[in-house]
Amino acid sequence: GEKWVLMKTAQTPTNIAVIKYWGKRDETLILPVNDSISVTLDPAHLCTTTTVAVSPAFQQDRMWLNGKEISLSGGRYQNCLREIRKRAREVEDKKKGIKIEKEDWEKLHLHIASYNNFPTAAGLASSAAGFACLVFALAKLMNVEEDESQLSAIARQGSGSACRSLFGGFVKWIMGKEEDGSDSLAVQLVDEKHWDDLFIIIAVVSSRQKETSSTSGMRESVETSLLLQHRAKEVVPKRTLQMEEAIENRDFASFAKLTCADSNQFHAVCLDTSPPIFYMNDTSHRIISHVEKWNRSEGSPQVAYTFDAGPNAVLIARDRKAAAQLLKRLLFSFPPNFDTDLDSYIIGDKTILKEAGVEGMKDVEALT
Ligand code: PMV
């Protein structure tokens with residue numbers, strides 16, 4: 001048979017929501033009950049690298065995650081693969097003497113290898129970077145014409161938050177109105193250069209796998225929480241506009257106030273769910289109190305905090321100076337292996353604190 005293989009590699013960073021997505025109005029298409037806004041982290045530190053390959057020698061679609069084969073039979077993978085294949089176009093590599101016609105893509109099989117440059121078990125959103133990277137790499141391989149926003153609507157069907165990782169900087173996921181989800185996609189609000197003095201530090205409170213997946217948590221919240229309905233209808237629409245304004249004006253005081261309030265409301269919705277969902281633990285709560293007290297004593301906020309579906313704190317410092325102070329405070333008040341359950345201060349094998357700048361992550365030593 002034919003021996004050729006054609007490959008593409010892509011790298012996609014993860015993102016952290018400052019206005020949270022929590023609740024689906026359609027579980028299959030992954031359509032949310034509210035808009036959300038996120039900041040994309042630096043790809044050097046929290047990202048997925050995915051290589052996709054096509055060859056007539058491949059017998060079936062297969063995928064490896066961090067070197068271990070995983071099943072592609074789930075609906076989320078199947079939806080992404082189908083949507084991308086639909087948009088595949090002719091590809092010609094004259095040097096290798098390969099020509100793939102548009103209709104060949106239906107019959108050809110793919111091999112996909114994906115790596116996270118951070119521990120998958122660290123409770124840090126890995127699906128966001130993963131699906132964004134998969135869709136982006138496949139689009140490149142198959143010569144797909146669609147722009148990032150249109151691709152985001154495909155990545156969304158893998159994992160909701162993934163749609164926001166197709167862009168750098170600050171990104172908004174517009175919930176959309178259409179039943180087919182065609183207008184539920186991500187747009188870039190500002191690029192990564194717009195607000196580049198921000199610093200992001202992630203305190204890995206626990207690397208244990210979360211107990212309630214976001215999918216089942218959201219489902220239970222949608223079914224049982226009245227606060228979720230109030231949030232989606234009355235709170236987020238206004239808050240999203242205020243957040244866009246704060247980002248546009250690089251107004252850190254407003255940005256911090258809105259970010260913290262939105263994280264707290266998301267976790268309040270989790271508590272308002274029946275049975276209640278606890279994503280944060282005592283250490284998370286103590287970090288919140290610490291930051292609140294510090295911000296108040298400074299007269300203006302130095303740091304914003306936000307927590308996803310787990311206990312890890314994502315801390316966004318207004319600038320390098322505030323980030324350095326934050327690190328010293330954290331190391332003093334939350335020493336590793338002491339009375340906190342702060343897991344380890346590790347990325348790779350050195351630190352327990354992960355630090356990523358919007359424009360670049362520097363190592364902890366360089367910062368302090
Ligand atoms: O995309 P999912 O299913 O991993 O859900 C993400 C939900 C949160 O991380 C809690 C909030 C968000 O907007 O990213």
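Reading guide: rules and limits
Residues numbered from 1 in each chain as written. Predicted model: local features only at pLDDT ≥ 70, side-chain atom pairs only at ≥ 80, totals over all residues. Heavy atoms only, no water. pLDDT = per-residue confidence, 0-100. Contact = heavy atoms within 4.5 Å. Pairing = 2+ DSSP bridges. Helix = DSSP H or I, 4+ residues; strand = E, 2+ residues; numbered from the N terminus. Axes fitted to C-alpha atoms, helices over the stretch in contact; angles between N-to-C directions.

Summing up the model confidence of the protein, the mean pLDDT is 87 and the portion of residues at 70 or higher is 87%. Under a pLDDT of 50 for its full length, residues 343–368 has, in the predicted model, 81 contacts with residues more than four places off or in other chains.

Moving on: the sheet that holds strand 13 (residues 185–190). The antiparallel open sheet is built from four strands, whose spatial order is 2-5-12-13. With one partner strand each, in any of the chains shown, strand 2 (15–19) and strand 13 form the two edges of the open sheet. Within the sheet, the average angular offset between the axes of one strand and its neighbour, ignoring direction, is 35°. Relative to strand 13, strand 12 (residues 170–174) runs antiparallel, the two being bridged by five bridges. Residue Val-171 lies in a different strand from strand 13, and its bridge partner there is Gln-188.

Bringing the sheet that holds strand 8 (residues 68–70) into the picture now. Across a sheet, paired strands are connected by hydrogen bonds in the backbone, their directions being either parallel or antiparallel. Ordered in space as 1-6-11-7-8, the five strands form an open sheet in which the pairing is mixed. Every interior strand has two partners, whereas the edge strands, strand 1 (6–13) and strand 8, have only one. Each neighbouring strand pair of the sheet contributes to a mean axis angle of 20°, computed without reference to strand direction. Two strands pair when backbone bridges link them, and strand 6 (residues 47–55) and strand 11 (residues 109–116) are joined in this way by eight bridges, in the antiparallel orientation. Bridge pairing in strand 11 places Val-54 opposite Leu-110. Sitting on the sheet, helix 1 (residues 75–86) is in contact with strand 7 (62–65), strand 8 and strand 11, with an inclination near 120° to strand 11.

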